[in-house]
Protein chains: 2
Amino acid sequence: MEIRSYLKKQKEFIERYIEKFLPSGIPKELFDAMAYSVNAGGKRLRPILVIESAKAVNPKVDIDSFIDIAVSVEFLHTYSLIHDDLPAMDNDDLRRGKPTCHKVFGEAIAILAGDGLQSYTFELISSNKNLSAEKLVKIINSVAHGTGVFGMVGGQAGDILYEKENKFNDLEFIHKHKTAKFIQSCCYIGGLIGDGTEEQLNALKNYGLYIGLAFQIQDDILDEIGDEKKLGKKTRKDKEKNKLTYPKVFGLEKSKKLANEYIQKALDEIKILEAPEILSKLAKFIIDREV
Amino acid sequence: MEIRSYLKKQKEFIERYIEKFLPSGIPKELFDAMAYSVNAGGKRLRPILVIESAKAVNPKVDIDSFIDIAVSVEFLHTYSLIHDDLPAMDNDDLRRGKPTCHKVFGEAIAILAGDGLQSYTFELISSNKNLSAEKLVKIINSVAHGTGVFGMVGGQAGDILYEKENKFNDLEFIHKHKTAKFIQSCCYIGGLIGDGTEEQLNALKNYGLYIGLAFQIQDDILDEIGDEKKLGKKTRKDKEKNKLTYPKVFGLEKSKKLANEYIQKALDEIKILEAPEILSKLAKFIIDREV
């Protein structure tokens, strides 16, 4: 199967369920702001990783039983984008070709929409009636850890604080924490849902970490040489803001090579899985993508 | 027992555990910002309510087995204060007599410190090894709901959006969602931890809702007539900002009367509990307090 058309199909599948699980209520502006940002598009990579990781250890896994959890990680991802775009943070006006949340709804509602998407993620996961409570607690712990102060939030803080110097240690810290640890968590919880063995879960964790690092390097590369129209956002913003990126520290060619090496490592990890094919193609797609 | 000295003792008890459960790591500024705001003081009312609600249904409950959960609700409360104080929200420079988080650490780190305290709450609850996974999932669901878009976050959005008009419906919506639903959740999860019956849990939910509403009315009253030095923040800010408050809609005397009525209702609810004494005194304290 051609991975691009498969991912497109899966993205549409996820988006049908996003529609279903997006909460509604009052004040209307708050819920509108959440829906606006969640519906702004994107690859839906994280929900897809949850599903494909579950299938990689258990091809017969019942996707209906955890589709709410797969969707919820996209809500968490969207919260992080809304907050990252705020004037006090990266101050971005455009995301996926559309005005950012605070541009449309104002800063206060954007902050609250992000806060609300985070809490709603945990509300949604803990409302699942199909998986065992033991699994749900592990999923919540992994997701909270991967997106929290020891993961995404810590990485974003590093991204803001460590902008000035060309230190590789800082760069690695930022990429690992800001992006890779959450992606790692998506792969791990998928494996957990599919009843993977300890060895399989470790392989998925390593796979997630490696593709997460490669994903962020590719993001840095696309900021440098990507097509603004395809990306739906301004490029060269990292340079403008003097951000610490792979191309800045290593140059473009070496950055591409490093991303490739991470993908190779990821592919090695998942050989032991029941059905690793889609995860393999997905890993390669990560560094081939233009968006 | 005199309730003020009892609450002081309980506050000190909670604060010893806050010290223990506050995470540390890098970037140091992020963790410092979280600790700064959590350690800024406060009554520690929400953790105390978790503990006292558990004891009210089961006087012999083992507090050590859930002290992490009691502490975690204070982290969640602190996240909401940090975000509420932001320039785009209530724009407050002072909280409990100290400069607010963004004044000391900057807006970006303050936003992330709030985000991080929210995720760390769920990380901490899901790390508890003493309670059953079933209980933990229910606790997470209740806390996420009470502080999320159907609770605190929704109420704060209402507080921002509904400032202009004297509508009682809006006022009631704000108070119930911004303050009461989280306090209700604290009482409910305490009862759940103490293995309360369905009837007892309902009584605790109602008690929590009523004292939460009374608590917010008293907050409105203290903003109008309180002592700035005791409160550690500027008073009359609600008026200045044209906020929708009880004194604004009903006047001071009727507001006091309404708060009193809520406390009476709360007291009626908890009569059926095993040991309601401390919760009774706590309810009365809520409208007697000057801080």
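Enquirer: Help me understand the overall build of chain A in this model?
Expert: Helix and strand content of chain A: 15 helices and two strands. The C-alpha atoms of chain A give a radius of gyration of 18 Å, which matches the 19 Å a tight globule of 291 residues would have. Burial analysis of chain A (291 residues in total) assigns 63% to the buried set. For chain A, the accessible area works out to roughly 11,300 Å², and carbon and sulfur atoms hold 49% of it.

Enquirer: Help me out: how do you make sense of the relation of the copies chain B and chain A in this one?
Expert: The relation between the two copies of this chain is a rotation about an axis and a shift parallel to it. Expressed as a screw transformation, the operator carrying chain B onto chain A has a rotation angle of 180 degrees and an axial translation of 0.0 Å, and the superposed copies differ by an RMSD of 0.0 Å. Given the turn and translation reported, the copies of this chain are related as if by a two-fold rotation axis. Relative to the rotation axis, the C-alpha of Ala133 of chain B is the closest in chain B, positioned 2.6 Å from it. When you check the interface residues of chain B against chain A, 100% turn up at the interface there too, and the contact is symmetric in its surfaces.

Enquirer: Would you take a moment to explain the side chain of Thr121 of chain A for this structure?
Expert: Secondary-structure assignment places Thr121 of chain A in helix H6 (residues 107–125). Within the structure, the side chain of Thr121 of chain A is placed 2.8 Å from the backbone oxygen of Leu117 of chain A, a separation counted as a polar contact.

Enquirer: Could you clarify how one ought to interpret the interface of chain B and chain A in this entry?
Expert: Much of the literature gives interface size as the accessible area that the parts lose upon coming together. Tallying the contact residues gives 48 residues for chain B and 48 residues for chain A. Summed over both sides, the interface of chain B with chain A buries roughly 4,000 Å², with 74% coming from carbon and sulfur. Counting the surface chain B buries against chain A, the share from its top three residues, Leu112, Glu123 and Val149 of chain B, is 14%. Our count for the contact surface shared by chain B and chain A stands at zero salt bridges.

Enquirer: Is there a simple way to think about unusual backbone geometry in this case?
Expert: With the exception of glycine, the majority of residues adopt a negative phi angle, and the majority of peptide bonds are in the trans configuration. Residues and elements named next belong to chain A. A cis amide bond links Ile26 with the next residue in sequence, Pro27, at an omega value of 0 degrees. Tracing the chain through its elements places Pro27 in the loop between helix H1 (3–21) and helix H2 (28–38). The backbone phi angle of Arg44 is positive, close to 60 degrees, even though this residue is not glycine. Secondary-structure assignment places Arg44 in the loop between H2 and helix H3 (45–57).

Enquirer: What's the story with the pattern of salt bridges in this structure? I'm lost.
Expert: Note that side chains of opposite charge can pair when their charged atoms are close. Counted by the stated rule, this structure contains 34 salt bridges over all chains. One salt bridge in this structure joins Glu12 of chain B and Lys8 of chain B, with 3.3 Å as the shortest N-O distance. Taken together, the positions of Glu12 of chain B and Lys8 of chain B, both in helix H1 (residues 3–21) and four residues apart, correspond to about one turn of that helix. Look at Glu12 of chain B and you get partly exposed, because its relative accessible area is 38%. You can call Lys8 of chain B exposed: its relative accessible area is 53%. We note a salt bridge from Asp268 of chain B to Lys271 of chain B, for which the minimum N-O separation is 3.2 Å. Taking relative accessible area as the criterion, Asp268 of chain B reaches 44% and is therefore assigned partly exposed. One network of salt bridges, in which partners are shared, links Lys11, Glu15, Arg44 and Glu74 of chain A.

Enquirer: Got a minute to help me understand the packing of aromatic side chains in this structure?
Expert: The description of an aromatic ring pair uses the distance of the two centres, along with the angle that the planes make with each other. Summed over all chains, the structure comprises 22 aromatic pairs over all chains. Taking the centre distance of 6.1 Å and the plane angle of 65 degrees together, the rings of Tyr162 of chain A and Phe173 of chain A count as edge-to-face. Separated by eleven residues along the polypeptide, Tyr162 of chain A in the loop between helix H8 (152–161) and helix H9 (168–193) and Phe173 of chain A in helix H9 bring together distant segments of the chain. Each member of the pair Tyr162 of chain A and Phe173 of chain A is classed as buried. With centroids separated by 6.2 Å and ring planes inclined at 25 degrees, the aromatic side chains of Tyr210 of chain B and Tyr262 of chain B adopt a geometry described as stacked. Note that Tyr210 of chain B is positioned in helix H10 (residues 198–225) and Tyr262 of chain B in helix H14 (residues 252–269), a separation of 52 residues in sequence. Residues Tyr210 of chain B and Tyr262 of chain B agree in their burial class; the two are buried. The rings of Phe31, Phe75 and Tyr120 of chain A together with Phe150 of chain B are connected pair by pair, giving a single aromatic cluster.

Enquirer: Help me out: how do you make sense of the nonpolar core in this one?
Expert: Nonpolar side chains tend toward joint burial in soluble globular proteins. In terms of nonpolar packing, the biggest core is built from 203 residues, with Leu49, Phe75 and Tyr207 of chain A together with Leu49, Phe75 and Tyr207 of chain B touching the most fellow members. Not counting chain neighbours up to four residues away, the residues in contact with Leu49 of chain B comprise Ile183, Cys186, Cys187, Tyr207, Ile211, Leu279 and Leu282 of chain B.

Enquirer: I tried to follow helix H9 (residues 168–193) of chain B on my own but got confused; where do I start?
Expert: Given 3.6 residues to a turn, an α-helix orients residues that are three or four positions apart in the same direction. Residue and element names in this part refer to chain B. With 26 residues, H9 extends 36 Å between its outermost C-alpha atoms, agreeing within 8% with the 38 Å of an ideal straight helix rising 1.5 Å per residue. When the local axis directions of H9 are compared, the greatest deviation, roughly 45 degrees, occurs at Ala180. Among the 26 residues of H9, 22 are classified as buried, and the element is accordingly described as predominantly covered.

Enquirer: Explanation requested: helix H3 (residues 45–57) of chain B in the structure shown.
Expert: With 13 residues, H3 of chain B extends 18 Å from end C-alpha to end C-alpha; this agrees with the ideal 18 Å at 1.5 Å per step. Burial within H3 of chain B is extensive, with 13 of its 13 residues counted as buried.

Enquirer: In this structure, what is going on with the environment of Ile111 of chain A? I would like to understand it.
Expert: Assignment of secondary structure puts Ile111 of chain A in helix H6. A relative accessible area of 2% places Ile111 of chain A in the buried class. In the structure, Ile111 of chain A is positioned 29 residues away from Ile82 of chain A in sequence and 7.5 Å away in space, judged by C-alpha atoms. Contact partners of Ile111 of chain A, with chain neighbours within four places excluded, come to His83 and Leu86 of chain A together with His83, Leu86, Ala88 and Met89 of chain B.

What counts and what doesn't
Residues numbered from 1 in each chain as written. Chains lettered and ligands numbered in written order. Predicted model: local features only at pLDDT ≥ 70, side-chain atom pairs only at ≥ 80, totals over all residues. Heavy atoms only, no water. Helix = DSSP H or I, 4+ residues; strand = E, 2+ residues; numbered from the N terminus. Rg over C-alpha atoms; globule rule 2.2 N^0.38 Å. Buried < 20%, exposed > 50% of the residue type's maximum accessible area, 1.4 Å probe, protein only. Areas by Shrake-Rupley, 256 points an atom, 1.4 Å probe, with all protein chains shown as cover. Least-squares fit on C-alpha atoms with pLDDT ≥ 70 in both. Contact = heavy atoms within 4.5 Å. Polar contact = N/O pair within 3.5 Å; in protein donor to acceptor, adjacent residues only side chain to side chain. Buried area = accessible area lost by both parts, 1.4 Å probe. Salt bridge = Lys/Arg side-chain N within 4 Å of Asp/Glu carboxyl O. Phe/Tyr/Trp six-rings, centres within 6.5 Å; stacked < 30°, edge-to-face > 60°. Core = buried A, V, L, I, M, F, W, Y, C linked by side-chain atoms within 4.5 Å. Expected span 1.5 Å × (residues − 1). Bend = angle between axes of the 7 residues up to and from the residue.

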